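Chains, contacts and geometry: an overview
Okay, here's what each chain looks like letter by letter:
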Amino acid sequence: MTNILTKLPVIILISGSGSNLQAIIDQTNAGFLPIQVQLVISNEPTAYGIQRAQQVGIATQILEHRNFTTRQAYDNALLELIAPYDPELIVLAGFMRILTSNFVARYQGRMLNIHPSLLPKYPGLNTHARVLAAGDTVHGASVHFVTEMLDGGPIIIQAEVPVMPDDSPETLAARVLVKEHLIYPQAIKWFAEGRLALASQGVLLDKQLLTRPVIWS
Ligand code: GRF
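To start, this report covers the structure provided alongside it.

1. Concerning the site of the ligand
Lining the immediate surroundings of the ligand are Ser17, Gly18, Ser19, Asn20, Gly94, Ile114, His115, Pro116 and Glu180. Within the backbone of Gly18, a nitrogen or oxygen atom sits 2.7 Å from an oxygen atom of the ligand. Across the complex, the protein chains shield 83% of the 370 Å² of accessible surface that the ligand would expose by itself. Contributing elements (two or more residues each) for the shell around the ligand: helix 1 (19-29) and strand 5 (111-115). Grouping the constituent residues of the shell around the ligand by class yields 2 nonpolar, 6 polar and 1 charged. Counting only domains with at least three residues in the shell around the ligand, you end up with domain 1 (8-107) and domain 2 (115-142 + 157-217).

Here you go:
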C-alpha cells in the first residue's frame, strides 16, 4: 500500500507529442505529484514525448505496434515489458491504441486515461471536429478509469471550455489541452495520495461515491 510518504511508481504510455506527459513531469518536479515515473513507453518511434522524457532522464522504451501481427500479441509484449517494473498506476497520455481486455483486466482500477471531450459525449477520435460539426457551445476534457469500454470507464474529473464561433479543430484542441494539463495531474495526485479508487459502483473519492464527475473550476 502506497502512502503519501512514498512515491507512487507510475508508467506512462504515449503515442505523440506528450504535452500531457510534460505536464505530469513538471508537476512531479514541482513537488505537486508524489509519483516516480519509472518508464515512458511509446508505440510510435517518432513520438516527441520520448524526447521530453529523455531530456529529464526518464527511461524510455519504444514498442512499435507495426512489428506485431495481432492486437493480442502486442498487448502481451506490453504486459511483459511493464511487469518487471510492477507499477502501481498506468497513465495513458495520448496513447492511441485500444487495449485488449486481458491488458485492461491486469491493471483494472490502476489505469487512467484522458480524453478530449466531455464524456460520455464523443468517445473515439476527432472529437474537436465532431463538436464543431454538432454546433456545441461547450466542450472539454475528461479523466477516467480505463475499463473494457472504449473511453467508457467511470469519469473522475472534467474541465469545460467554451466553443468560439470562429474555432477550428486546432484552436479548440489547443484550448482543451490547457485544461487537460490541469485535470490530469489533479486526478493522478488523488490516486497517488490514496484518495481515489475504482469500486464496483463507480469512482470513490475520499471514500465517497461520485454521483457525477468533479468539475474543474
Ligand atoms: C490529448 O488531447 C489527449 O486527450 C488525447 O490525445 C491527446 C494527446 O496529446 N488522448 P499529448 O500527446 O499529451 O500532447
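2. Regarding the nonpolar core
One broad rule of soluble globular proteins: the nonpolar side chains tend to lie buried together. The biggest cluster of nonpolar side chains holds 42 residues, and the ones touching the most others in it are Ile12, Ile35, Val40, Val91, Ile156, Tyr184 and Ile188. No other element matches helix 6 (residues 169-192), which puts 9 residues into this core. Two domains share this core, each providing at least three of its residues, namely domain 1 (8-107) and domain 2 (115-142 + 157-217). When residues no more than four places from it in sequence are discounted, the contact partners of Ile35 are Lys7, Leu8, Val10, Ile24, Thr28, Ile188 and Ala192. Counting 20 residues, the second-largest nonpolar core is a separate cluster that includes Ile41, Leu78, Leu92 and Met111.

3. Comments concerning helix 2 (residues 48-55)
For helix 2, the set of buried residues is Gly49, Ile50, Arg52 and Ala53. Buried positions in helix 2, seen along its axis, are confined to an arc of 160 degrees and lie on one side of it. Check the buried side of helix 2 and you find it contacts strand 1 (8-14), helix 1, strand 2 (35-42) and strand 3 (60-62). Gly57, located one to two residues past helix 2, shows a positive phi value of around 80 degrees.

4. A short note on the sheet that holds strand 6 (residues 138-145)
The pairing of strands in a sheet happens through backbone hydrogen bonds and is either parallel or antiparallel. If you walk across this open sheet you meet the 8 strands as 3-2-1-4-5-6-7-11, and the pairing is mixed. Edge strands, defined here as strands with exactly one partner in the open sheet, are strand 3 and strand 11 (214-215). The pairing of strand 7 (residues 155-162) with strand 11 spans 2 bridges and is classified as parallel. In the sheet register, Gln158 faces strand 11, and the bridge partner there is Ile215. Contacts between helix 6 and the sheet are confined to strand 1, strand 2, strand 4 (89-92), strand 5, strand 6, strand 7 and strand 11, with strand 7 contributing the most and set at about 155 degrees to the helix.

5. Here we look at the sheet that holds strand 10 (residues 208-209)
As summarised here, the arrangement of the 3 strands in space is 8-9-10, forming an open sheet in which the pairing is antiparallel. Sheet topology places strand 8 (196-199) and strand 10 at the edges, where each strand pairs with a single neighbour. Judged from the 2 bridges that link them, strand 9 (residues 202-205) and strand 10 form a sheet pairing that is antiparallel. Paired with Leu205 across the bridge in strand 10 is Gln208.

About the thresholds
Residues numbered from 1 in each chain as written. Predicted model: local features only at pLDDT ≥ 70, side-chain atom pairs only at ≥ 80, totals over all residues. Heavy atoms only, no water. Near = heavy atom within 4 Å. Polar contact = N/O pair within 3.5 Å; in protein donor to acceptor, adjacent residues only side chain to side chain. Areas by Shrake-Rupley, 256 points an atom, 1.4 Å probe, with all protein chains shown as cover. Helix = DSSP H or I, 4+ residues; strand = E, 2+ residues; numbered from the N terminus. Nonpolar A, V, L, I, M, F, W, Y, C, P; charged D, E, K, R; others polar. Domains from an automatic or database assignment. Core = buried A, V, L, I, M, F, W, Y, C linked by side-chain atoms within 4.5 Å. Buried < 20%, exposed > 50% of the residue type's maximum accessible area, 1.4 Å probe, protein only. Contact = heavy atoms within 4.5 Å. Arc of directions from axis to C-beta. Pairing = 2+ DSSP bridges. Axes fitted to C-alpha atoms, helices over the stretch in contact; angles between N-to-C directions.

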